[in-house]
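# Fold and contact review
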Amino acid sequence: MLKTRIITAVVLLAVLLPVLFFNYFPAFALVVTLFVGAAVWEGARLFGLSESKARVAGFVGGALFVALMYSAKPGSVNALYGVAALLWIIRYAPTLGLGLPQMAGAANWSLAITFTFAVFAAFFAIVGLYLHSPLYLLSVMALVWIADIGAYFSGKAFGKRKLAPTISPGKSWEGAIGGAMAVLVIAAISVLLADGAAPWLQDTFAYKLQARFGWGLTLLILLVIVMFSVIGDLFESALKRRAGMKDSSNLLPGHGGVLDRVDALIPVLPMAALVTSWI
């Protein structure tokens, strides 16, 4: 399993890094569209659609994403980010405590439609942040990765109190707090280095936040981002548990599916893109 994970990671990096940094937007847009189609297909399966219908949903989702990507205006895209952020605050986060609706019924399909909307918003945010700069996009995604790594090691070392035992028994409050602390420390160090030894770090999310809002609001925004990365992870785990699936798919051998890799990013990316529009 470890060998498979490593091989898949190397292949993904070999494909994604050149697409990210060669500054050729059509290639980037193609890769993003493929991921959107895969994510919509996986989401449709998690909400109970048959395999054939889920594939149609994935194809339609990818096609619709392309159409919107090349026709949407900046104002409408910012509205998309705002609605997605509200959905996570008032719809998906409370669901973790209240529980998901039954697989059959109007409530399930309503949730499926809004979740697909949230997935679209996340990938639109990827495009928007990339157009700012590839480094800027990576600096937002790195916050989630750092939180995840910090939570893993903190949880292993200190984890005692379960964060969501019925959804993801391996997660602990100590892990979540450790992940948040890791983000705050590394973000602060990157900002300080940007004004000294590493000026290239000035084109990062944390640096732009601090330059615009100061330390207090910057740290608060980063904490909110970490909190919603955890919520995104738990929400997808709840969907998989309800559907009886271990992974959203097997598209990425050793890593599960696309949603398994981006679950924590889905709420974070639109929020970061919305904050970026204010910066």
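Structure: above.
What counts as what
Residues numbered from 1 in each chain as written. Predicted model: local features only at pLDDT ≥ 70, side-chain atom pairs only at ≥ 80, totals over all residues. Heavy atoms only, no water. Helix = DSSP H or I, 4+ residues; strand = E, 2+ residues; numbered from the N terminus. Buried < 20%, exposed > 50% of the residue type's maximum accessible area, 1.4 Å probe, protein only. Phe/Tyr/Trp six-rings, centres within 6.5 Å; stacked < 30°, edge-to-face > 60°. Salt bridge = Lys/Arg side-chain N within 4 Å of Asp/Glu carboxyl O. Core = buried A, V, L, I, M, F, W, Y, C linked by side-chain atoms within 4.5 Å. Contact = heavy atoms within 4.5 Å. Polar contact = N/O pair within 3.5 Å; in protein donor to acceptor, adjacent residues only side chain to side chain.

### Focus on unusual backbone geometry
Look at Asn23: it is not a glycine, yet its phi comes out positive at around 60°. The topology assignment puts Asn23 in the loop between α1 (2–21) and α2 (25–46). Accessibility expressed as a relative area gives 64% for Asn23, which makes it exposed.

### What to know about the packing of aromatic side chains
Scanning the entire structure with this criterion turns up 14 aromatic pairs. Consider the rings of Phe115 and Phe235, whose centres lie 5.6 Å apart with planes at 45°: the pair is tilted. In this pair, Phe115 is assigned in helix α5 (residues 106–132) and Phe235 in helix α8 (residues 205–243), connecting sequence segments 120 residues apart. The buried category is assigned to Phe115, whose relative accessible area is 3%. Judged by centre distance (5.2 Å) and plane angle (85°), the ring pair of Tyr152 and Phe153 falls under edge-to-face. Given a relative accessible area of 48%, Tyr152 falls into the partly exposed group. Taken together through their ring pairs, the aromatic side chains of Phe47, Trp88, Tyr92, Phe115 and Phe235 make up a single cluster.

### Here we look at the pattern of salt bridges
Tallied over the full model, the rule gives six salt bridges. With its nearest N and O atoms 3.0 Å apart, the salt bridge here joins Arg161 to Glu174. Here Arg161 is found in the loop between α6 (134–158) and β1 (162–164), whereas its partner Glu174 is found in helix α7 (residues 173–194), with 13 residues between them in sequence. A residue is classified by how much of its surface remains accessible, and Glu174, at 17% relative accessible area, is buried. Where Lys171 meets Asp233, a salt bridge forms, and the shortest distance between an N and an O atom there is 3.4 Å. Pair noted here: Lys171 is in strand β2 (residues 168–172) and Asp233 is in helix α8, with a separation of 62 residues, a long-range link. By relative accessible area, which is 14% here, Asp233 ends up buried.

### Here we look at the nonpolar core
Trp88, Phe115, Phe205 and Leu269 are the most contacted members of the largest nonpolar core, which totals 77 residues. Contact partners of Phe205, with chain neighbours within four places excluded, come to Tyr136, Ser139, Val140, Leu143, Leu222, Ile225, Ala272, Val275 and Thr276. The next biggest cluster of nonpolar side chains, apart from the first, holds six residues, and it includes Ile167, Ala176, Leu234 and Ala238.

### Brief notes about the environment of Tyr207
Here Tyr207 is to be found in helix α8. Note on Tyr207: relative accessible area 14%, which makes it buried. Sequence separation between Tyr207 and Tyr136 is 71 residues, and the spatial gap between their C-alpha atoms is 10.0 Å. Contacts of Tyr207, omitting those with residues within four sequence positions, involve Val191, Ala194, Asp195, Leu201 and Gln202. A polar side-chain atom of Tyr207 sits 2.8 Å from a polar atom in the side chain of Asp195.

### A closer look at the environment of Leu209
Among the secondary structure elements, Leu209 is positioned in helix α8. The buried category is assigned to Leu209, whose relative accessible area is 0%. Not counting residues up to four positions away in its chain, the partners in contact with Leu209 are Gly214, Thr218, Ile221, Leu222, Val275 and Ile279.

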